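Spelled out, the chains give:
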Amino acid sequence: MNYKYQIAYNIIGTILFSLIQLILPVAAQNQKSKDIGKIEMKNSGEKCQFTGHFSSIESIDISPDGKSFITASGDNHIKLWDISTGKLIHTFKDTGNNALISSDGQNIISASNDTIKLWDISTGKLIRSLTGHSDRITSLDISKDGKTLISGSWDKNIQLWDISTGKLIRRLRGHSESVNAAIITPDGNTVISGSFDKTIKFWDIKAAREIRTIKGDFDGVTQLVISRDGKTLFSGSYDSNIKVWDTETGKEIRTLKGHFGNIESLTISSDGSTLVSTAWDNTIKLWDVNTGKLLRTFGEPRKKSESSKSFPKNFPSGIFSIIYSRSQNNKIAISPDGNTLVTGGNGIQIWDVKTGKEIHKIQGHYDGFGFVSISPDNRTLISINSDETINIWDKSTAIKIRSIKDKWVNSIAISPDGNTLVSGSWDDKPVKIWDIKTGKLIQTFEDIGVNVVAITPNGNTLITSHGEEVKLRDIRTGKLLHKLNNSFSVSSIVVSQDGKYLLTNNSGDEVILWDIQTGKSIRTLQETNIDEYYTDDLQNIISVTSIAISPDSRTIAIGYSDDKIVLQDTDTGKIIHTLNSQVGAVFNLAMSSDGNTLVSSGYNNNIQIWDIQTGKLIHTLEAHLYTISSLAISPDGKTLVSSSGDNTMKMWDINNGNLLDTFCEL
């Protein structure tokens, strides 16, 4: 999996909260900063305390006694629930997006990116970590005797682990693409794996060699499950079909048709008689394992037309397929007695198998904050929310003043006088100017579709980006002043406080400084090395993930995918400080108006506050429960506001790191 693609996907994910709930290579890293001044997040009142997940469910497992179940989500948390009441028992934070309960019911085994972790289910304490994969882990399975763990990964490998010791037993190599599913046969002798390379492979565990490869008529294998007697294999793929295989001969027995869209989950009842499947179509289907007969369908089906109708005309190329395949994760587990189903997508449902009726429904919380800005008078906050609204908040009371309904907005900018708001979107009329006091639309500009908008400090020039182009317009007349052409698609733009310079970052990792008055490039502060994208070691590419510029334009900050923040002299390009953030990729940067303070956030959902002059870390704020999408510092430099996909926006005292207030969508 192209690491550059993963970084781009996470940046896009901060904009598309209503559709991409995984995106970030989804799971937040479980790194804990070892710095001074760590601040614990305060309880902000009952109004913003949520029990459900903030992202789609990626795995479900039911305890051996059938009394409880766990859900793992793209929000990097695992939750333990009572199956009879649907009540939350415990939340395991920063644990991973894929999880199983051990055969004895004592432990949870989770996968977070490339690491497997073993947790004590009663105390929530980490027992041990298993490392050995080099990319995201996609699949976990446990042998029938409970001794061996099997993991599949984007690194194309399958690994077998001794659960009691955490030691790697052996590694199976042979797939040419990512391994999406890896299971062990009931007798414990064979591993079966499915991959994007359109093959199913059988492996002899003791000999650590490939026994058989099935090259079926399917579009990449996404799911595998084996019958209780080990004689029949079921596979799911993106082509909507479930194929049934004879494990002894490798021959196809039949194809089960009825779903549409990706087959997202397959499981078999404890008595071995029933196959249960879910797919992108949002339905649950029960099949007779022996005959392949469809026994029952329940759930509210999704219409095929929903996908095409819900995307704008100006949607960025290449992103549709990502969202289509990841916008819904329908996972499923069946209780040991076969009477109860638990399904998870953008919420959790508990079903009675015999009647097909929903017993309990646990809502997720997906009204994430995608972007936040502070008004010049320091009285108002303006946020982009995933419910297709731009929300205007009173900063002192945390009360919403008004909402502006608009689709596909991904960037906002406030005029220097604080009276108007500019929004950029992928809608038919992508650039819009609004009256902040009334919420009324004042003016629109035609364009192809806009990713980022900005306004110069004098309020005269509107700056927008689409693809490789950055356009500078007269904000009153809409007249095009300059068109800045980049070599790659522009991902972010920053305007200096004096209005002289524009800083751009593009997907080719170039950071370029432009003269706003002339529209000419002054210098390139970070150059692309396009040759690195043609190497085999794509996952180790170090990419630019965020940029900022000081008020006096003398210093720029560049955040990278390898935890680093580099402060450079704008005129010479000389490195002033290199900061080790220890948060994974640094996705957000903001500088205070006096140029003394830098604020950053990254993969692990924490916020870090730095002294720019010394390069020292002042505070780490253990902030949000999900990806931080945006940071903003008040004009007076005293207040920090952070927005997140955890359905909250938080306000902090930037000097002492104290949490002042929490805003949320109820």
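Up top is the structure these notes are about.
Residues numbered from 1 in each chain as written. Predicted model: local features only at pLDDT ≥ 70, side-chain atom pairs only at ≥ 80, totals over all residues. Heavy atoms only, no water.

## So, the state of the cysteines
Heads up, the condition is: Criterion for a disulfide: a pair of cysteine sulfur atoms at a distance within 2.5 Å. Per the convention used, a helix needs a DSSP run of H or I reaching at least four residues, while a strand needs a run of E reaching at least two, with both numbered from the N terminus. Burial classes: relative accessible area under 20% of the type maximum marks a residue as buried, over 50% as exposed, and values in between as partly exposed (1.4 Å probe, protein chains only).
Applying the stated criterion across every chain, the model contains one disulfide. The disulfide that involves cysteine 48 links it to cysteine 664, with 2.2 Å between the sulfurs. Where cysteine 48 bonds to cysteine 664 through sulfur, the torsion about that S-S bond is close to -85 degrees, and the disulfide is left-handed. Of the two residues, cysteine 48 is situated in the loop between strand 1 (38–39) and strand 2 (57–62) and cysteine 664 in strand 57 (residues 659–664); the sequence distance between them amounts to 616 residues. Cysteine 664 carries the same exposure label as cysteine 48, and that label is buried.

## Thoughts on the environment of aspartate 646
Convention followed: Contact between two residues is taken to exist if any of their heavy atoms lie within 4.5 Å; hydrogens are not considered. N or O atoms within 3.5 Å of each other form a polar contact, as long as, within protein, one can give a hydrogen and the other can take it, and as long as residues adjacent in sequence are counted only when both atoms are side-chain atoms.
When you line up the elements, aspartate 646 lands in the loop between strand 55 (639–644) and strand 56 (648–653). Judged by relative accessible area, aspartate 646 falls into the buried class, the value being 3%. Taking the C-alpha atoms as reference points, aspartate 646 and isoleucine 628, 18 residues apart in sequence, are found 8.3 Å from one another. Excluding anything up to four places from it in sequence, aspartate 646 contacts Phe50, Phe54, His624, Leu625 and Tyr626. Reaching out from aspartate 646, the side chain makes a polar contact with the side chain of histidine 624 at a distance of 3.1 Å. Of note is the side chain of aspartate 646, whose polar atom sits 2.5 Å from the side chain of threonine 648.

## Some thoughts on the pairing of strand 40 (residues 469–474)
Note the threshold: We treat two strands as partners when DSSP finds at least two bridges between them.
Among the six residues that make up strand 40, five are buried, leaving the element largely enclosed by the rest of the structure. With six bridges joining them, strand 39 (residues 461–466) and strand 40 adopt antiparallel strand pairing. Paired with histidine 466 across the two strands is glutamate 469, which belongs to strand 40. Where strand 39 folds back onto strand 40 in an antiparallel hairpin, the turn is made up of two residues, including glycine 467, whose phi is positive at roughly 60 degrees. Sheet topology places strand 40 next to strand 41 (residues 480–485); five bridges connect them, and they run antiparallel. Bridge pairing links valine 470 to leucine 484 in strand 41. Taking the residues that link successive antiparallel strands as the turn, the strand 40-strand 41 hairpin has five residues, and the phi of glycine 478 there is positive, at about 80 degrees.

## Regarding the sheet that holds strand 24 (residues 284–288)
The strands making up a sheet associate through hydrogen bonds between their backbones, and the pairing can be parallel or antiparallel. Where we set the bar: Angles here are taken between N-to-C directions and fall from 0 to 180 degrees, while the axes themselves are lines fitted to C-alpha atoms, restricted in helices to the stretch in contact.
On the basis of which strands lie adjacent, the open sheet formed by four strands has the order 22-23-24-25 and antiparallel pairing. Edge positions in the sheet fall to strand 22 (263–268) and strand 25 (294–298), since each has one partner strand and no second. Here the average twist between neighbouring strands, direction ignored, is 20 degrees. In this structure, strand 23 (residues 274–279) lies alongside strand 24, joined through five bridges in antiparallel fashion. Directly across from leucine 275, in strand 24, lies its bridge partner tryptophan 287.

## Let's talk about the sheet that holds strand 5 (residues 88–92)
Taken in spatial order, the four strands make up an open sheet running 2-3-4-5, and their pairing is antiparallel. This sheet does not close on itself; its edge strands, each paired only once, are strand 2 and strand 5. On average, each strand axis in the sheet is tilted by 20 degrees relative to the strand beside it, whichever way the strands run. As paired strands, strand 2 and strand 3 (residues 68–73) are joined by five bridges and run antiparallel to one another. Note that in strand 3 the partner of isoleucine 57 across the bridge is serine 73.

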